[in-house]
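Structural overview for review
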Protein chains: 4
Amino acid sequence: MAGNTFGQVFRITTFGESHGRGLGVIIDGCPSGLALDLDAIQHELDRRKPGQSNIVTQRKEEDSFELLSGVFEGYTQGTPIGIVIYNGDQKSKDYEHIKDKYRPSHADFTFDSKYGHRDYRGGGRSSARETAARVAAGAVAKQFIATSGISIHAYVSQVGPIHLHLSHEEVDLSKVDSNIVRCPDQDTADKMIDLIKEVRKDGDTIGGVVTCVIKGVPAGLGEPVFDKLHADLGKAMLSINAVKGFEYGSGFAGVEMRGSEHNDLFYQEEGKVVTSTNRSGGIQGGISNGMDIYFRVAFKSVATIMQTQLSVNQQGEEVEVTGRGRHDPCVLPRAVPIVEAMSALVLADHILRNRASRV
Amino acid sequence: MAGNTFGQVFRITTFGESHGRGLGVIIDGCPSGLALDLDAIQHELDRRKPGQSNIVTQRKEEDSFELLSGVFEGYTQGTPIGIVIYNGDQKSKDYEHIKDKYRPSHADFTFDSKYGHRDYRGGGRSSARETAARVAAGAVAKQFIATSGISIHAYVSQVGPIHLHLSHEEVDLSKVDSNIVRCPDQDTADKMIDLIKEVRKDGDTIGGVVTCVIKGVPAGLGEPVFDKLHADLGKAMLSINAVKGFEYGSGFAGVEMRGSEHNDLFYQEEGKVVTSTNRSGGIQGGISNGMDIYFRVAFKSVATIMQTQLSVNQQGEEVEVTGRGRHDPCVLPRAVPIVEAMSALVLADHILRNRASRV
Amino acid sequence: MAGNTFGQVFRITTFGESHGRGLGVIIDGCPSGLALDLDAIQHELDRRKPGQSNIVTQRKEEDSFELLSGVFEGYTQGTPIGIVIYNGDQKSKDYEHIKDKYRPSHADFTFDSKYGHRDYRGGGRSSARETAARVAAGAVAKQFIATSGISIHAYVSQVGPIHLHLSHEEVDLSKVDSNIVRCPDQDTADKMIDLIKEVRKDGDTIGGVVTCVIKGVPAGLGEPVFDKLHADLGKAMLSINAVKGFEYGSGFAGVEMRGSEHNDLFYQEEGKVVTSTNRSGGIQGGISNGMDIYFRVAFKSVATIMQTQLSVNQQGEEVEVTGRGRHDPCVLPRAVPIVEAMSALVLADHILRNRASRV
Amino acid sequence: MAGNTFGQVFRITTFGESHGRGLGVIIDGCPSGLALDLDAIQHELDRRKPGQSNIVTQRKEEDSFELLSGVFEGYTQGTPIGIVIYNGDQKSKDYEHIKDKYRPSHADFTFDSKYGHRDYRGGGRSSARETAARVAAGAVAKQFIATSGISIHAYVSQVGPIHLHLSHEEVDLSKVDSNIVRCPDQDTADKMIDLIKEVRKDGDTIGGVVTCVIKGVPAGLGEPVFDKLHADLGKAMLSINAVKGFEYGSGFAGVEMRGSEHNDLFYQEEGKVVTSTNRSGGIQGGISNGMDIYFRVAFKSVATIMQTQLSVNQQGEEVEVTGRGRHDPCVLPRAVPIVEAMSALVLADHILRNRASRV
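About the criteria used
Residues numbered from 1 in each chain as written. Chains lettered and ligands numbered in written order. Predicted model: local features only at pLDDT ≥ 70, side-chain atom pairs only at ≥ 80, totals over all residues. Heavy atoms only, no water. Contact = heavy atoms within 4.5 Å. Buried area = accessible area lost by both parts, 1.4 Å probe. Salt bridge = Lys/Arg side-chain N within 4 Å of Asp/Glu carboxyl O. Polar contact = N/O pair within 3.5 Å; in protein donor to acceptor, adjacent residues only side chain to side chain. Least-squares fit on C-alpha atoms with pLDDT ≥ 70 in both. Axes fitted to C-alpha atoms, helices over the stretch in contact; angles between N-to-C directions. Helix = DSSP H or I, 4+ residues; strand = E, 2+ residues; numbered from the N terminus. Left-handed = near helix turned anticlockwise from the far one by under 90°. Nonpolar A, V, L, I, M, F, W, Y, C, P; charged D, E, K, R; others polar. Pairing = 2+ DSSP bridges. pLDDT = per-residue confidence, 0-100. Buried < 20%, exposed > 50% of the residue type's maximum accessible area, 1.4 Å probe, protein only. Core = buried A, V, L, I, M, F, W, Y, C linked by side-chain atoms within 4.5 Å. Expected span 1.5 Å × (residues − 1).

Observations regarding the interface of chain D and chain B
Taken together, the contact pairs 14 residues of chain D with 14 residues of chain B. Summing both partners gives a buried area of about 1200 Å² for chain D against chain B, and 57% of it is carried by carbon and sulfur. At the junction of chain D and chain B, the tally comes to zero salt bridges. Counting the contacts that link chain D with chain B gives nine residue pairs in polar contact (both at pLDDT 80 or more).

See below:
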């Protein structure tokens, strides 16, 4: 109801504010008997953490986690898995100056409208720091879906006007983490990095697109009406801070195609039904068909800029707002593990939900 | 779990197959005391029904509904509102020939993969006919949200390559229903209609985009983490048959803007906090800010075409599939009331959810 | 949220008022591939229906049902199963005289307090007639759980002060329907029937107890914390009209026993772990242990009596209320299939939920 | 789904094992703006904690809590409130000897049946220690419902065969905590204490009954069909470890009363509709009527006894089990705050749910 829970069977609840005691997540519904690799959780947190390169925020947060429950002798117990990431390098004073001001395109005004007050330090609960908890949970989900042969590969395919001009089938997905912007084509990556540095020098920010490919999904996942697999993936993505759009398969561009071009023809290959094209993006009627699932997620530029902007305060008076502290000029590199985490959570949930589909 | 329910407080469950006894919906959580206009429900069903013009399917379905429960002496009772739309003009025989064939880009193969069998007549539960139940429920939701001053306006802004080159602020939203394609600009509408007729002549189909504007939303609706208002709107849209993408506010195009361009500056006008631009699309941090909410929804071309395509059957053998019966060459005109209905359901739900936000 | 839905995976939503168009239920989450026996549904409705004997209400309602969706060629489809029982023999005029009066121990006053108004005809949504929808759904659930070898046997074990002095292990469960009061011991049944007739002659009503035994439950069903199997069974029973109490296993009487007497000792029999006694009632730590589950449900006397009582009306004025129409002097005989139905729904849900317990 | 979450709007998720890092709870849906008294939370934990008197377990656990999130400058934020109670005085070695044995009437066998393995140390997740998390959450709920004028008063009304022969209206509810057994009548309390000491001396355990009274509930809370207020209270109670039964109002004894005796007659007093008797227990048709809500909860004797019992191990071999460590001879005194906590959670949830009942 208050919307801090995601998923139905593999279900997570996150908690915590950016400048409180810490962030955390309770994973309820992870099946028992999963050999849990804790290092893999830390690895994903490291991919998301601040300060990992010179094109992201320079805040130094270790983002190491503590496991509170749910695992015994290395295996999940079927009981809730509690994970906390304590907050470290907090500079709450950086926020004193915006205590009663509404930063443009932030959640300050809307939080006040909804709740009557807010934790103004670093965005509180609306901070993107909340996604650390999702990444930890997603790292568990990734391990669970791997037991079904599913793997998830996200990468940056656009930063500002710089596009990666290769499809997900043309890039080498193993190269994603080979550069700091997480674009698997080095030439494009270099241009993206240059742009981000330039934007940062201007005290400005820039948006982009993450593409995600999910491989190894068996046919049959997803529910055919409201909880279509792509609808749940779409909601998962749209729940990530700064996301403005989601498209899967042929997406917005595909609307210009006629049915005769757009339809994916079935044929049989090695005893398996496959399609000759994949404009459906691996999902038909809301249910996976065994082909690769792929989608694109649009991230707007970060709202906090190192420039002075006009705004109002809680009293409705005109004020000036200037960003302070250490912020991302571009969230895209750090968004990659978040997109993967949310994807993993959706898949884990639908694997378990699908167990009820037949007598 | 099986995904036939949408919403948390204002919650609907739909049921029924396209060639079964009928389609229906149970609305649970509509507050008591709403004076319900039944004609308004029929009006919305009429906007969605087949055969309403010569650019949509020529199936003749009356889509009149029966109210089963929840209303007494003209007012909602706070009890579940049951609505059934009995199926009339069914030509189940039109489907005998595809009984064991997998139509390209339909849900035939995925249904079989998931459930082991399927109702092949007209797509069964995966038929877009299911959306009639949503439209009926949405018509109730519209009446509820109108008591909060909220109105919803969707229209067709693209058909194939034909774009409406006016923003939602530039068009006359009262003109949407003035032509059969539901594009509020007559010149563009004429071109769209011509294209659809041409496509139909070719036995083919075409996609497009619906734009939706929601006016009068008070600041404070939406939950800040997973159930962001736009995330719930996005899921609602992506759950509609044939939808491939969703973007709100500046959307995919906005990723190229820098923060300094993209940010919406606050100022005060007549004692109300407003923004000078609205790239946020009326939602910041997942919560409405009082400005217009607007978004775009991509619909692919209809999969059923009047041409012969190659496919496989349940035995994996190569077969030919040719569309029969009466189908839409373009779903866009009929998608408009569906987009509005799903939007109304999301808003109704969040109005009620928000009642728990403060002590 | 509005509480017309029960269950998480095998989930039902009921709708309808006693004097509206009809009662109904949507079963969402029944797995596909169940060969559904429609006669078995009617059989359960007949066990619950009014007018079945001379010790229950003499209203004549056929309670025949219409199947709206979810079944094709005799098998469930995994899609929602919609069932409606249209109202027939309605005498709404019987209720005109209590339109603005609050009948003692009915829901009239509380409905008005909650909703501001109510459908006064026959109790509207608070009528026990709502349980017809549950019985229909339960009949589907019974067929599903039978595929796991589970069977449910409820019977009347007390009417007013008349107790059945045999345990559930001592009675012949096949005899439950052999008499009109549904007590498997004929001598006790005769006394119960005599009492009910006497009470009815006095224009009065009487309560009683239903005992329920569930056989064939595999070990492992139930969730260990909030959704303990007996907690869900308890809620299911307490949600039935007129129920005042629930106890399972040793129940209230068991609190006087010491741990050394109460503990059920494990031993092995034919390769299966069993217990020498069964004070646990087949459930330990909220999870079934493979032994018989048994519990008792207390039903108070029906509130509508054929005598004159003092009360107040909506204006708070003192009024007299006298029961009219045809009412049950004792709900116990008709409560038996309702208890079984709700039990079957709980078991069906937990069978499916348990499929997510292990990797 | 996995059942570690309770409530719909005011919703808690608990986590943690008795011998892991700690126990905790996430409260999601507590409205913003509640001035939270942290001492009051500690006070409730102290009422539940081990070692508080010489008739409960002598384990020394401080049960002090850490607040992780959701409160800023003393007020709830509308965001999730995270609370952890770290485990201290753990003697895991006390459990080595029962590592592969099934203790009689514990959850050992059923956990293994469900999950394939278990955390054997102190019962793991099935330990009553989990209720500490509930008590902490309940202490928050108590503060929220107090803003609506609601107060909750539980007490021990039976231990073994020793009954408190006074109704909830006859006892002085302010005296509950005046003795260590939490029975508000000192004479009865003394007898209960003597019995518990005697039982403990025998290495045995004993059960009892907790009675709970809820005062100040406005008319209108509860949902009329499945989520009747007493059904949710019943489930809440039955989810507490060792509970075997629940009855409210007239309960099991009331079934012997005729309708003419049982009905509560309405009259008006100081402009308010009240009833002359209260056999309904403050709830009619599942909805509160403004009178006191009261109910009784049966607790069986603790399964761990200091005597040798026969059982089997995981291999099905006959073994002897003897209790070690420090256990409660009777859980009743410590159950009182747990019953209150769960009651508070149900009321908090229904206050918020009821906000959606009217337009």
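A closer look at the relation of the copies chain D and chain B
Note on the chain copies: they are related by a rotation about an axis and a translation along it. Between the two copies, chain D and chain B, the superposition gives an RMSD of 0.0 Å; the rotation angle is 180 degrees and the shift along the axis is 0.0 Å. One copy is carried onto the other by what is essentially a two-fold rotation axis. Relative to the rotation axis, the C-alpha of R355 of chain D is the closest in chain D, positioned 3.2 Å from it. Residue by residue, 100% of the interface of chain D is reproduced at the interface of chain B, so both copies engage with the same surface.

Side note on the packing of helix α5 (residues 229–238) of chain A against helix α7 (residues 332–354) of chain A
All names here are of chain A. One can describe the packing of α5 onto α7 by two numbers: an axis separation of 9 Å at closest approach and a directional angle of 145 degrees. Along this stretch, α5 crosses α7, giving a crossing that reads as right-handed. Across the interface between the two elements, L229, D232, L233, A236 and M237 from α5 touch V339, M342, S343, V346, L347, H350 and R353 from α7. Considering only residue class, the contact of α5 with α7 consists of eight nonpolar, two polar and two charged.

Some points on the interface of chain B and chain A
Listed by partner, the interface residues are 112 residues for chain B and 111 residues for chain A. Counting the surface chain B buries against chain A, the share from its top three residues, K114, F226 and K244 of chain B, is 11%. Applying the counting rule to chain B against chain A returns ten salt bridges. For K114 of chain B, the salt bridge is made with E223 of chain A, and the minimal N-O distance between the two is 3.3 Å. Between the two partners, chain B and chain A, sit 63 residue pairs in polar contact (both at pLDDT 80 or more). Ranked by the residues each element gives to the side of chain B that touches chain A, the list is headed by helix α2 (residues 108–115) of chain B, at seven residues. A breakdown of the residues in the side of chain B that touches chain A according to their chemical character gives 44 nonpolar, 44 polar and 24 charged. Where strand β11 (residues 243–248) of chain A meets strand β11 (residues 243–248) of chain B, three bridges bridge the pair, whose relative direction is antiparallel. Paired with E247 of chain A across the bridge in β11 of chain B is G245 of chain B.

Observations regarding the confidence of the model for chain A
Taken residue by residue, chain A gives an average pLDDT of 95. The fraction at 70 or more is 99%. In the model output, the complex is listed with pTM 0.98 alongside ipTM 0.98.

Looking at helix α2 (residues 108–115) of chain C
With seven of eight residues buried, α2 of chain C lies mostly within the body of the structure. Burial in α2 of chain C covers these residues: D108, F109, T110, F111, D112, K114 and Y115 of chain C. Buried residues in α2 of chain C make contact with β12 (266–269), β13 (272–275), β14 (283–284) and β15 (287–288) of chain D. After α2 of chain C finishes, the residue G116 of chain C shows a positive phi value of roughly 90 degrees.

Side note on the pairing of strand β16 (residues 293–299) of chain B
Residues and elements named next belong to chain B. Among the seven residues of β16, six are classified as buried, and the element is accordingly described as predominantly covered. Pairing of strand β10 (residues 208–215) with β16, which is carried by seven bridges, proceeds in the antiparallel orientation. Pairing of V213 across the sheet is with Y294, part of β16. Bridging between β11 and β16 involves five bridges; their strand directions are antiparallel. Bridged to F246 within β16 is V297.

Details of the sheet that holds strand β8 (residues 151–159) of chain C
Spatially, ten strands are ordered β9(C)-β8(C)-β10(C)-β16(C)-β11(C)-β11(D)-β16(D)-β10(D)-β8(D)-β9(D) in an open sheet, and the strand pairing comes out antiparallel. What marks the edges here is a single partner per strand, and that holds for β9 (162–163) of chain C together with β9 (162–163) of chain D. Against the sheet, helix α5 (residues 229–238) of chain C touches β10 (208–215), β11 (243–248) and β16 (293–299) of chain C together with β11 (243–248) of chain D, its axis set at about 160 degrees to β11 of chain C.

Looking at the nonpolar core
With 358 residues, the main nonpolar core has F295 of chain A, F295 of chain B, F295 of chain C together with F295 of chain D as its most contacted residues. Here F295 of chain A is in contact with V210, T211, C212, I214, L233, M237, F246, E247, Y248, V339 and S343 of chain A, once residues within four sequence places are set aside.

Digging into the side chain of T188 of chain C
All names here are of chain C. Positionally, T188 belongs in helix α4 (residues 186–201). Look at T188 and you get buried, because its relative accessible area is 8%. Sequence-distant contacts of T188, defined by excluding residues within four places in its chain, comprise I162, H163, L164 and C183.

Observations regarding the relation of the copies chain B and chain A
The transformation that overlays chain B on chain A combines an axial shift of 0.0 Å with a rotation of 180 degrees, and the residual RMSD is 0.0 Å. The fraction of interface residues of chain B whose copies in chain A are also interface residues reaches 99%, indicating that both copies meet through the same surface.

Thoughts on the pattern of salt bridges
What the rule picks out here adds up to 116 salt bridges over all chains. D119 of chain B is the partner of R121 of chain B in a salt bridge, and the nearest nitrogen-oxygen pair spans 2.8 Å. Of the two residues, R121 of chain B and D119 of chain B, neither departs from the other in class, the shared state being buried. Beyond isolated ion pairs, a larger network of salt bridges with shared partners links E44, R47, K142, D177, R182 and E340 of chain A.

Looking at helix α3 (residues 131–146) of chain D
Relative to the 22 Å expected for 16 residues at 1.5 Å per residue, α3 of chain D spans 22 Å between its end C-alpha atoms, a close match to the ideal helical length. For α3 of chain D, the tally of buried residues reaches 15 of 16 residues, placing the bulk of the element in the interior.

Notes on the sheet that holds strand β7 (residues 81–86) of chain C
All names here are of chain C. Read from one edge of the open sheet, five strands run β1-β2-β3-β7-β4, paired in antiparallel fashion. Across the chains shown, the open sheet's two edge strands, defined by having one partner strand only, are β1 (5–6) and β4 (66–67). Alignment of strand β2 (residues 11–15) against strand β3 (residues 22–28), held across five bridges, turns out to be antiparallel. Pairing of T14 across the sheet is with V25, part of β3. Here helix α3 (residues 131–146) sits on the sheet in contact with β2, β3 and β7, set at roughly 140 degrees to β7.

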